[in-house]
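Single-letter residue listing:
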Amino acid sequence: MRIMENGTILMLKSLAAVVLVMSVTVTVANFVLTIKGGNNVFRPFDTNISTRLNILNKTAKEKHKYISHFKVEGLKNVTENVRPSNKDSKEVHLGEHVGLATKEKCHKRLPQVIIAGQYKSGTGALTEFLNEHPQIFACRESGDIQFFDKYYISRGFRWYRNIMPCTFKTQITIEKTAHYFLHPIAGLRIHDMNPKSKIIIILKDPVTVAASLYAMWRAHKDHRANEFLFERMVTMFSGITLQINPNSGIIRTSSYVEPMQRWINLFNRTQLLILDGNAFDKHPLGSLMKVEKFLNVKHFFSMEQFVYNSTKGKYCFRRANKTVLCLPEEKGRPHPDISAEVVKLLTDYFKPITKRLFEIINQTFPW
């Protein structure tokens, strides 16, 4: 009987020891694997985080642009360093132009600046060029982010912060989605995130935007553009008189007054920078210098950095290492042929709308 009691006691002690070891192991594992990034606590094997790190490891361009610093709770600082020894890397330029300490931790931050639109007005080129500035990091997810118009409820701010680049305190994070400008509540949601956000809006003359929209729709095999010619999509007959159809999707998208009024009502005018997309196409340096001043960053861009691509009619950017950044193939699509009659109808239709736009933004462009 005593032997059985001793055996039982021994078994209970052994079991308690196993439970204690397992508890300590789990505790240590949780202690080591809990990673803090910004204001959120993440697991390193969280799908979102793993995906972001995999993206960083995919291309040399991404490797030399981002250095991820994470703080492990209770332990020493751990750095995931993806920077190669490349003298032309963005981090080297950071040291030259910004004077950042190399040991400073970077964090994923919500964007301080939003490029909100307009469609077919140069938002893509503007974002790509600004991303070359050593103090500016653009969110480089594929295509437009569409958070404040499409994924605001379904994905939330944790997802939104996770896709942002890792930046230092003296750097600026930018996000670009061309549709925000037209969306009825995207601006309100941005204001709710940060009422001090800076907003950049770039606009081209509406006739050019209308033609460019049609070219994009045809390239994307949109059934309307494939079925109808441009002139059929933007005009209608009133009796026997040909006139612009105000209900055409192309015409509504190219009419800026109502959406612009929403942005002006939401944000202080000093928080809005409105650029002429036509001028940006012809002389990108002037527009980029305006952005530098607006964001209060050091002057970086110069005329020598821009190379004209005569095939596309667009400018490319020459980096310090002599590589050249050009826009994707789909940029600079040929526009549809438009008769002189329809061009005049479009010009006359948009003239009072454009005049009203210039009044509310207190600017004029030579359209």
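This text goes with the structure placed above it.
Predicted model, so just to flag it, every value in this text is computed and none were measured. (Residues numbered from 1 in each chain as written. Predicted model: local features only at pLDDT ≥ 70, side-chain atom pairs only at ≥ 80, totals over all residues. Heavy atoms only, no water.)

Trainee: Quick question: what am I supposed to make of the sheet that holds strand E16 (residues 324–325) here?
Mentor: Paired through their backbone hydrogen bonds, the strands of a sheet run either parallel or antiparallel. On the basis of which strands lie adjacent, the open sheet formed by three strands has the order E14-E15-E16 and antiparallel pairing. Two strands bound the open sheet, and with one partner strand each, they are strand E14 (306–309) and E16. Here strand E15 (residues 314–318) runs beside E16; their pairing, made up of two bridges, is antiparallel. Within E16, the residue paired with Phe317 across the bridge is Leu325. (Pairing = 2+ DSSP bridges. Helix = DSSP H or I, 4+ residues; strand = E, 2+ residues; numbered from the N terminus.)

Trainee: Please explain the state of the cysteines as it appears in this structure.
Mentor: Every disulfide links exactly two cysteines, by a covalent bond between their sulfur atoms. Enumeration over the complete set of coordinates arrives at two disulfides. The residue that forms a disulfide with Cys106 is Cys166, at a sulfur-sulfur distance of 2.1 Å. Every disulfide takes its handedness from the sign of the S-S torsion; for Cys106 and Cys166 that torsion is 100°, giving right-handed. Remark: Cys166 occurs in strand E8 (residues 166–167) and Cys106 occurs in the loop between helix H4 (90–97) and strand E5 (107–108); sequence separation between them is 60 residues. (Disulfide = S-S within 2.5 Å.)

Trainee: Would you mind showing me how to read the packing of aromatic side chains here?
Mentor: A ring pair, where both rings are aromatic, is described by two values, the distance of the centres and the angle of the planes. Counted by the stated rule, this structure contains 28 aromatic pairs. Relative to Phe230, the ring of Tyr214 lies with its centre 5.6 Å away and its plane at 75°, an arrangement referred to as edge-to-face. Taken together, the residues Tyr214 in helix H9 (residues 206–219) and Phe230 in helix H11 (residues 230–234) connect sequence positions 16 residues apart. The exposure class assigned to Phe230 is buried, which follows from its relative accessible area of 2%. Measuring from centroid to centroid gives 6.4 Å for Phe301 and Phe306, while their planes differ by 35°, and the two rings are tilted. Per residue, the accessibility class of Phe301 equals that of Phe306, and both read buried. An aromatic cluster is present here, built from Phe147, Phe148, Tyr151, Tyr152, Phe157, Trp159, Tyr160 and Tyr180 joined pairwise through their rings. In this arrangement the basic side chain of Arg155 is found over the ring face of Tyr151, its NZ or CZ atom lying 3.7 Å from the centre. If you follow Lys198 out to its NZ or CZ, it ends over the ring of Phe294, 4.9 Å from the centre. (Phe/Tyr/Trp six-rings, centres within 6.5 Å; stacked < 30°, edge-to-face > 60°. Buried < 20%, exposed > 50% of the residue type's maximum accessible area, 1.4 Å probe, protein only. Lys NZ or Arg CZ within 6 Å of the ring centre and 35° of its normal.)

Trainee: Please explain the sheet that holds strand E9 (residues 172–176) as it appears in this structure.
Mentor: Taken in spatial order, the five strands line up as E7-E9-E6-E10-E13 in an open sheet, and their pairing is parallel. In the strand order of this sheet, the two ends are held by strand E7 (136–138) and strand E13 (272–276), each with one partner. Within this sheet the neighbouring strands show an average axis-to-axis angle of 25°, counted without direction. Docked against the sheet, helix H13 (residues 257–266) engages strand E6 (113–117), strand E10 (198–203) and E13, running at close to 160° with respect to E10. (Axes fitted to C-alpha atoms, helices over the stretch in contact; angles between N-to-C directions. Contact = heavy atoms within 4.5 Å.)

Trainee: Just checking my understanding: could you explain the nonpolar core for this structure?
Mentor: The nonpolar side chains of soluble globular proteins are, as a tendency, buried together. Within the largest apolar cluster, 49 residues are counted, with the highest numbers of intra-cluster contacts made by Phe148, Tyr160, Tyr180, Ile199, Met260, Trp263 and Leu346. With near-sequence residues (within four places) excluded, Phe148 lies in contact with Ile114, Phe157, Tyr160, Glu175, Tyr180, His183, Ala186, Arg189, Ile190 and Met193. Counting residues in each nonpolar core, the second largest holds 27 residues, with Val113, Phe129, Ile174 and Leu288 among its members. (Core = buried A, V, L, I, M, F, W, Y, C linked by side-chain atoms within 4.5 Å.)

Trainee: Would you mind going over helix H16 (residues 340–361) with me for this structure?
Mentor: Each α-helix turn comprises 3.6 residues. Residues three or four places apart therefore point the same way. For H16, built from 22 residues, the straight-helix expectation of 32 Å at 1.5 Å per residue is met to within 8% by its first-to-last C-alpha distance of 30 Å. Considering bend angle alone, the principal kink of H16 is centred on Lys351 and spans about 35°; proline Pro352 follows within four residues of it. Every buried residue of H16 is accounted for by Val342, Leu346, Phe350, Thr354, Leu357, Phe358, Ile360 and Ile361. (Expected span 1.5 Å × (residues − 1). Bend = angle between axes of the 7 residues up to and from the residue.)

Trainee: Before we go on, may I ask you to explain unusual backbone geometry in this structure?
Mentor: Negative phi is the rule for most residues except glycine; trans is the rule for most peptide bonds. Between Gly117 and Gln118 the backbone carries a cis peptide bond, its omega angle lying at 15°. Its location among the elements puts Gln118 in the loop between E6 and helix H5 (123–131). The phi torsion at Asn296 lies on the positive side, around 60°, for a residue other than glycine. Structurally, Asn296 is set in the loop between helix H15 (284–295) and E14.

Trainee: Which parts of the structure should I look at to understand the packing of H13 against H16?
Mentor: A pair of packed helices is captured by two measures, namely the crossing angle of their axes and the spacing between those axes. At a minimum axis distance of 10 Å, the contact between H13 and H16 shows a crossing angle of 10°. Between H13 and H16, the interaxial angle falls into the category roughly parallel. Residues Val257, Met260, Gln261 and Ile264 of H13 pack against Ile353, Arg356, Leu357, Ile360 and Ile361 of H16. (Parallel < 35°, antiparallel > 145°, perpendicular 65-115°, else oblique.)

Trainee: Got a minute to help me understand the environment of Asp337 in this structure?
Mentor: Examined against the element boundaries, Asp337 turns out to sit in the loop between E16 and H16. Since its relative accessible area comes to 76%, Asp337 is described here as exposed. With 126 residues separating them along the chain, Asp337 and Ala211 place their C-alpha atoms 8.9 Å apart.

Trainee: How should H15 be read in this particular structure?
Mentor: Compared with an ideal rise of 1.5 Å per residue, which puts twelve residues at 16 Å, H15 spans 17 Å between its outermost C-alpha atoms and is within 8% of the ideal. Among all positions in H15, only Pro284, Leu285, Ser287, Leu288, Val291, Glu292, Phe294 and Leu295 are buried. A positive phi of about 60° marks Asn296, the residue just after H15.

Trainee: Please clarify how the pattern of salt bridges should be interpreted in this entry.
Mentor: Close approach of charged atoms allows side chains with opposite charge to pair. Here the structure, examined in full by the defined rule, presents eight salt bridges. Here Asp144 ties to Lys176 by a salt bridge, and the two come within 2.4 Å at their closest N and O atoms. You can see Asp144 sitting in the loop between E7 and helix H6 (147–151) and its partner Lys176 sitting in strand E9, a full 32 residues away along the chain. You can call Asp144 partly exposed: its relative accessible area is 24%. Overall, Lys176 belongs to the buried group, its relative accessible area being 16%. With a closest N to O distance of 3.8 Å, Glu258 and Arg262 form a salt bridge. Here Arg262 and Glu258 lie together in helix H13, a separation of four residues that amounts to about one turn. (Salt bridge = Lys/Arg side-chain N within 4 Å of Asp/Glu carboxyl O.)

Taken by themselves, the reported measurements are silent on function.
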